[in-house]
Amino acid sequence: MRQPDLMERKTPEFDIVIAGGGMIGTSLALALAPLGMRIAVVEAVARRNALQPSFDDRSTALSRSTQRMFEAMGLWDDVRAASTPITHIHVSDKGRFGFSHIDAREQGVEALGYVVINRVLGEVLQSRLDELPAVQQFCPARIESVSLGPDQAMATMDAGGSEHEITGKLLVAADGAKSAVRDMMGISAQRRAYDQRAIVGNLLTEKPILNRAYERFTSQGPLAVLPIADERAGFVWTVSEKDANRVLGLNDSDFIAELQAEFGFRLGKFSRVGARAGYPLVLSKAVRLTATRSVLIGNAAHGLHPVSAQGFNLGMRDVAALCDCILDSRNATEPGGRLDPGASDVLRHYADWRRSDQKKLVYFTDSLVRLFGSQRAGIRTLRNIGMLGFDLIPGVRSVFAKHTMGLAGELPRLSRGVPIR
Ligand SMILES: Cc1cc2nc3c(=O)[nH]c(=O)nc-3n(C[C@H](O)[C@H](O)[C@H](O)COP(=O)(O)OP(=O)(O)OC[C@H]3O[C@@H](n4cnc5c(N)ncnc54)[C@H](O)[C@@H]3O)c2cc1C
């Protein structure tokens, strides 16, 4: 890892300081690297630490637009080798006969998405970051305070008990849904708890899961079962907050029995469940995306319910859009002029562009949770009509698939698979 010598209180000046080297912060540094700027990534939790909150044992479904981004960034072969393709998505509603499905062939693509374990994706991204001379990594180091001026953003970081100042033309907050850096930028976020916890783990299925992903809406919340490496299936089981501790405390066989009762026997009997972890689910949305010389991306800007596996993918579109805004500004800079990634027109362009995609995805995932979580008779009927319409009305599935693949709306270069340099 390129960890600079921290003898001095002041570090050298950077063009871009990224606060948070998780899934999104690391991806942004990799995406920006070809533009030849000096980039710093400040990450609070050491690599491979069991408490690393981003690169943990969850599995993430990568959308088509994220795939294209990794292709354009020259990372796809490595990410692809570490992930499992999804060729079918099966959507069902517990207690109802109806179900819907989306098929990759029908959509004219090789795969609807790919599933990768966060920790494994982390290894791929971080080892590539280590090869980049333009990127300096400060880890473990935590941003403690921020001061935003007209010409530069300055942050104070705590690296193992010693304080250091770090400055950049642009400060990017990529420090997750509870972003302290967002607060330091003076931006508040609206937060609403779903009173649900996602219980995450993996198990063996009697019938091979192959390349199918399942999304099942149950009375407590959605349950996703995804194909992962070694023929195991990953699950994200949403349970109500008041039941979560009980479910997490079940022994393996009782846990499997309850999960099986929710999912049914489409994949035969479940067995050999691994360790489980719980994630309280909260919807969060920053009221603004930018402040002077600073910007929010990823979960710091929007934290979604994992119902349709969109959070990371949406964050990757933030990454792609920010790269485009900076690149456009460079292309408009006079020859010999200095690129300023934190200039107000760059930030305005980014905020205008991202507002609509983020708003749509927040609304889309929140509506899914409400629609499929409700037990009211009228809503159940509407939902059944919705499920039917989903399969029968021409184009509806396609529109849904376009959203889940991240291909709706105006796409930045990287999301279209176009490399930037
Ligand atoms: C159960 C579950 C399943 C999910 N499944 C999917 C899926 O299938 N597909 C999908 O697209 N999305 C999924 N998501 C969402 C996805 O995990 C998040 O959107 C993604 O992790 C956001 O990444 P991030 O880098 O923005 O934030 P984080 O992952 O929260 O990373 C933030 C990083 O910032 C660091 N940090 C925090 N504070 C500081 C500080 N002051 N200074 C320096 N560093 C700091 C942290 O240590 C961390 O490494 C899922 C989420 C959950 C909870």
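Only a predicted model underlies this, so the values are computations on that prediction, with no experimental measurement involved.

## Description of the site of the ligand
With respect to spatial proximity, 32 residues lie near the ligand, and among them Glu43, Ser54, Ala61, Asn299 and Phe312 are the closest. For the ligand, an oxygen atom lies 2.6 Å from a polar atom in the side chain of Ser54. Within the backbone of Ile143, a nitrogen or oxygen atom sits 3.0 Å from a nitrogen atom of the ligand. When contributions to the shell around the ligand are tallied by element, the ones reaching two or more residues are helix H1 (23-32), strand S3 (59-62), strand S9 (142-148), strand S12 (189-205) and helix H8 (311-332). Among the residues making up the shell around the ligand, the classes are represented as 16 nonpolar, 12 polar and 4 charged.

## Brief notes about the pairing of strand S17 (residues 277-286)
In this sheet, S17 lies alongside S12 in antiparallel orientation, the contact comprising 9 bridges. Bridging from a neighbouring strand, Ile199 pairs with Gly278 of S17. Inspection of the sheet shows S17 paired to strand S20 (residues 302-303) by 2 bridges, in the antiparallel sense. Bridge pairing in S20 places Ser284 opposite Gly303.

## Regarding the side chain of Thr26
Note on placement: Thr26 falls in helix H1. Thr26 sits in the buried class, given a relative accessible area of 1%. Not counting residues within four places of it along the chain, the set of residues in contact with Thr26 comprises Gly20, Gly21, Phe55, Leu125, Gln126 and Leu129.

## Description of the confidence of the model for the chain
Per-chain confidence: the chain averages 88 in pLDDT, with 88% of residues scoring 70 or above. Segment residues 385-394: pLDDT under 50, and 18 contacts once partners within four positions in sequence are set aside and those in other chains are kept.

## Comments concerning the sheet that holds S3
Across the sheet, which stays open at both edges, the 3 strands sit in the order S3-S7-S4 with antiparallel pairing between neighbours. At either margin of the open sheet sits one strand with a lone partner, and together these are S3 and strand S4 (84-86). Across the sheet, the axes of successive neighbouring strands diverge by a mean angle of 30°, strand direction being ignored. Where S4 lies against strand S7 (residues 113-117), 3 bridges are found, and the strand directions are antiparallel.

## As for the nonpolar core
Here is a general trend for soluble globular proteins: nonpolar side chains tend to be buried in one another's company. Core analysis: the largest hydrophobic core is formed by 81 residues, its most contacted members being Phe70 and Ile326. Residue contributions to this core peak at 10 residues, all from H8. For Phe70, the residues in contact, after removing those within four places along its chain, are Leu62, Leu75, Trp76, Val79, Leu121, Leu125, Phe312 and Met316. Core analysis: the second largest hydrophobic core is formed by 20 residues, Ile199, Leu223, Val225 and Val247 among them.

## Remarks on the packing of aromatic side chains
In total, this model carries 6 aromatic pairs according to the counting rule given. Measuring from centroid to centroid gives 5.4 Å for Tyr214 and Phe263, while their planes differ by 80°, and the two rings are edge-to-face. Of this pair, Tyr214 sits in strand S13 (residues 212-217) while Phe263 sits in helix H7 (residues 252-263), and the two are 49 residues apart along the sequence. A relative accessible area of 7% means that Tyr214 is categorised as buried. Ring centres 5.6 Å apart and planes at 40° place the aromatic pair Phe235 and Phe255 in the tilted group. Of this pair, Phe235 sits in strand S15 (residues 233-240) while Phe255 sits in helix H7; the two residues are 20 residues apart in sequence, bridging distant segments of the chain. A single burial state applies to Phe235 and to Phe255, both of which are buried. An aromatic cluster is built from Tyr214, Phe263 and Phe270, whose rings are joined through pairwise contacts. Taking NZ or CZ as reference, Arg276 lies 4.4 Å from the ring centre of Phe255, over its face.

What counts and what doesn't
Residues numbered from 1 in each chain as written. Predicted model: local features only at pLDDT ≥ 70, side-chain atom pairs only at ≥ 80, totals over all residues. Heavy atoms only, no water. Near = heavy atom within 4 Å. Polar contact = N/O pair within 3.5 Å; in protein donor to acceptor, adjacent residues only side chain to side chain. Helix = DSSP H or I, 4+ residues; strand = E, 2+ residues; numbered from the N terminus. Nonpolar A, V, L, I, M, F, W, Y, C, P; charged D, E, K, R; others polar. Pairing = 2+ DSSP bridges. Buried < 20%, exposed > 50% of the residue type's maximum accessible area, 1.4 Å probe, protein only. Contact = heavy atoms within 4.5 Å. pLDDT = per-residue confidence, 0-100. Axes fitted to C-alpha atoms, helices over the stretch in contact; angles between N-to-C directions. Core = buried A, V, L, I, M, F, W, Y, C linked by side-chain atoms within 4.5 Å. Phe/Tyr/Trp six-rings, centres within 6.5 Å; stacked < 30°, edge-to-face > 60°. Lys NZ or Arg CZ within 6 Å of the ring centre and 35° of its normal.

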